[in-house]
Amino acid sequence: MKILVIEDDKTTSDHLRQGLANNGHQAELAADGKTGLAKARTGNFDVLVVDRMLPQLDGLSIVKALRDAGNHTAILLLTTMSGLDDRVEGLEAGADDYLVKPFAMPELLARLNALARRPPANSVQTVLRLGGLELDLLKREVRRDGQLVDLQPQEFKLLEYLMRSDGRIVTKTMLLEHVWGFHFDPQTTVVETHMSRLRAKLDRGHDKSMIITQRGVGYRLVA
Amino acid sequence: MLLSRRLFNTISFRLAALCALLFAVILAVLLFFNFSATNHALEDQLRTRVHEDFNTLAEEVDSESSDELVKEFDERVKNAPSPGSYFLVADRQGNKLAGNLSAIAPVVGWQKLPGTVAGKPDHERAHEIWGEGKLLSNGLFIFVGQDAFRVNVAENTLIMSYLWSGVLAGLAALLAGIVLSRGFLHRIDAINQTSIAIMQGNLKKRIPTRGTSDEVDRLSGNLNRLFDNNQALLDSLRQVTVNIAHDLRTPLSRLRNKLEDARQQPRIPAKLGEQLDGAIAESDQLLATFSALLRIAQIESGSRKKAFAPVSLSELAERVFAIYQAVAEDEGRKLLADIKPGISCLGDGELLLQLCVNLVENAIRHTPKGAEITLRVSAPAKLEVADDGPGIPPDQREKVLERFYRLDQSRTTPGSGLGLALVSAIATLHDTRVELADNSPGLIARVRFQPT
């Protein structure tokens, strides 16, 4: 992916560039808001990583300027704030995702992947499919190789998100945010609990597990 | 009822009552002097008339024999007894010889006779007779008296008028006391309500002043300045906390990033890799603590209040229950729900979710295996999480709501010690507070919201 990082803190931007390069992405840097906006307008990037606080032009203004100009490049906002009001403000301005600094590199990579290959917003699917797995959103039914899998509502929601992620890694934080609407870190094993139940039910009577745990990173659903 | 009890308990009312009492005593003394002076004057008047009667008699009395005197008296009584004048002639033994009075003990000098001696049975009312007795040289006793009815009536009228004016003055004093203390109470109430609002976290509230610069106004002004100082101190303390957390986050983040970069290096020995993972986890824990501190500070700043909207407490609790029933089960606890549908309150949905989650997680983490936890929502807008675990000793219930406070028994449980502080901050933002009570056995955490 071709990624533009607009970030004024050199340590952070170096860390970002190295991390992105290590994972096969091509990263370009901009150290202030104005330069960043200019580059974002001209370059053909897959994703923009924009810091919230920047010299000359802050992150929110960049997002607004791009969206007003009809530029729909996926944008991920970074912030050092506690993220209560900022998240809402950022998403309202037109950013697609939001990440509080500091973050683990795998978390950023997972989110960038999710942003870059986001399905068009207006695609309405009523049945999601992956390999032998079939999830019917209308009937609220799940079948693996034609066999009905009885899931609790929480497990159904979790599986739906995993299927929509299309084989990409999803992190714990992403699951908490999108499946349960938790914008904070719970102190108990919410994700693990529901994931292990879902896994047990999906894999019952099958040799191969469909849910792969990537230690320290997240989960992935494979056919 | 409560208001009237409060009214009687106010200082100003007690002062008013004391003044009324003092006033009553002074009035009583004044009226007593007035009464006795009037009384004396009336009695003197009557005495003068008795003397006049005596004097007209006196010319004849000494020169005449007893028979003549008796005849003279009889005549006086029969012919022209001036109304209200009474006469009596008696012999040495006290037997009545003449006059319009029945026999009385021959007492010399001024005396007041009860009404029964007037010897007038057809008289409507027995009148007192006041008069003077004299022993003559010839051994006869004469008594000349006057009807004291008018004096008695005047006395009674005076006493009645004094009584009535006393009662009216007392009532007036009482009424004045009530009105004054009501007015005073109103202003004291304003001070109290402002103090309570400030204690509940509404730090911007101030006592209204009238600009009259009286005592209450000056007190209110001084208290307002005290509140200003208090707020400034709190603000700067909060700012310092936020600044420290904020300033330390950046270097910590860099540290964390460097550790992560190192971890990404190829051919790292397994042992070193483990140590690096441990170091990253430690720095993540530290950063999480700072995040929680910043989040509390942001909640306390009250900026979220402007986005308050109706939130369905019932649906929120059902959601938390659906998520945590399995979590509790995996942890060996049983989570039960007792959620009344259709209950909502005004608030911030995201923060209320966190409040509910934190309370449930707190119960899961601080109870032994096998514990039962109940998540309850009831009217009007009450959220409760009750468990049958070890509970919290009463003297520590307030302290566990403070930042970083941890019970001895839970020092070994992982956690930042900020969970309940966050819950408390969220409750304060919603103009309420977290009540921790005995569930005998166990703990019950309760938050009463403003219903919509």
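Residues numbered from 1 in each chain as written. Chains lettered and ligands numbered in written order. Predicted model: local features only at pLDDT ≥ 70, side-chain atom pairs only at ≥ 80, totals over all residues.

Observations regarding the overall build of chain A
Inclusion rule: Only DSSP runs of H or I with at least four residues qualify as helices, and only runs of E with at least two residues qualify as strands; both kinds are numbered from the N terminus onward. Once C-beta atoms are placed from the backbone, any two residues with those atoms within 7 Å are in contact.
Across its full length, chain A carries eight helices and 11 strands. In chain A, once contacts between residues fewer than 6 apart in sequence are set aside, the share between residues at least 24 apart is 54%.

A few points about the confidence of the model for chain B
The following threshold applies: Confidence per residue, as judged by the predictor, is encoded in pLDDT with a range of 0 to 100.
Per-chain confidence: chain B averages 84 in pLDDT, with 90% of residues scoring 70 or above. Both scores are given for the predicted complex: the pTM is 0.66, the ipTM 0.86.

Focus: unusual backbone geometry
Each neighbour pair has its own omega, and for Lys-101 of chain A with Pro-102 of chain A the value is -5 degrees, a cis peptide bond. Between Ser-440 of chain B and Pro-441 of chain B the backbone carries a cis peptide bond, its omega angle lying at -5 degrees. In the Ramachandran plot, Arg-267 of chain B falls in the positive-phi region, its phi being about 55 degrees despite a non-glycine side chain. One can find Arg-267 of chain B in the loop between α5 (215-264) and α6 (270-300).

Points about the interface of chain A and chain B
Listed per partner, the contact involves 28 residues of chain A and 31 residues of chain B. At the level of secondary structure, the elements contributing two or more residues to the side of chain A that touches chain B comprise α1 (10-22), α6 (153-164) and α8 (190-203) of chain A. By residue number, the principal contributor to the side of chain A that touches chain B is α1 of chain A, which donates five residues.

Observations concerning the nonpolar core
Residues and elements named next belong to chain B. Quick note on the threshold: To form a nonpolar core, buried Ala, Val, Leu, Ile, Met, Phe, Trp, Tyr and Cys residues must be joined through C-beta atoms within 7 Å. Note on burial: count the other C-beta atoms lying within 10 Å of the residue's C-beta; 20 or more is buried, 12 or fewer is exposed, in between is partly exposed, and C-beta positions come from the backbone.
By size, the foremost hydrophobic cluster in this structure holds 110 residues, and its most contacted members are Leu-313, Cys-356 and Val-360. When residues in this core are grouped by element, the largest group, 10 residues, is from helix α8 (residues 349-365). Sequence-distant contacts of Cys-356, defined by excluding residues within four places in its chain, comprise Leu-316, Ala-317, Val-320 and Leu-383. If you look at the next biggest cluster of nonpolar residues, it comprises 20 residues, including Leu-69, Ile-104, Val-144 and Val-151.

Concerning the pairing of strand β1 (residues 2-6) of chain A
What counts here: With strands facing away from the observer, any crossover in which the path from the first strand over the helix to the second runs clockwise is taken as right-handed.
Burial runs high along β1 of chain A: four of the five residues are buried. Of the crossover connections in this fold, the one passing from β1 of chain A over α1 of chain A to the parallel strand β2 (residues 26-30) of chain A is right-handed.

Looking at the sheet that holds strand β8 (residues 141-144) of chain A
Residue and element names in this part refer to chain A. Test applied: Should DSSP find at least two bridges between two strands, the strands are regarded as paired. Whenever a helix is involved, its axis is fitted only over the stretch in contact; in every case the axis is a line through C-alpha atoms, and angles between N-to-C directions fall within 0 to 180 degrees.
Here we have four strands laid out as an open sheet, ordered β6-β7-β8-β9, and antiparallel in their pairing. Both outer strands of the open sheet, β6 (127-130) and β9 (147-149), are each paired with one neighbouring strand and no more. The mean inter-strand angle of the sheet, taken between neighbouring strand axes irrespective of direction, is 25 degrees. Of the strands in this sheet, β6, β7 (133-136) and β8 are in contact with α6, which crosses β6 at around 65 degrees.

Overview of helix α4 (residues 149-199) of chain B
So the rule is basically this: Expected helix span is taken as 1.5 Å per residue step, with the number of steps being one fewer than the number of residues.
Under the 1.5 Å per step criterion, the end-to-end length of α4 of chain B is 73 Å for 51 residues, consistent within 8% with the ideal 75 Å. Within the sequence span of α4 of chain B, burial applies to Val-151, Gly-177, Ser-181 and Leu-185 of chain B.

Digging into the packing of α6 of chain A against helix α7 (residues 172-180) of chain A
Residues and elements named next belong to chain A. As a reminder of what qualifies: Each angle gets one of four labels, with under 35 degrees taken as roughly parallel, over 145 as roughly antiparallel, 65 to 115 as roughly perpendicular, and the rest as oblique. Helix crossings are classified by the rotation of the near helix relative to the far one: an anticlockwise turn of less than a right angle makes the crossing left-handed, while a clockwise turn makes it right-handed.
The geometry of α6 relative to α7 is characterised by a closest axis approach of 10 Å and an angle of 120 degrees between their N-to-C directions. Overall, the two elements α6 and α7 adopt an arrangement that is oblique. Relative to α7, α6 is oriented so that their crossing is right-handed. Contact with α6, carried on its side by Lys-157, Leu-158 and Tyr-161, involves Leu-175, His-178 and Val-179 of α7 and no other residues of that element.

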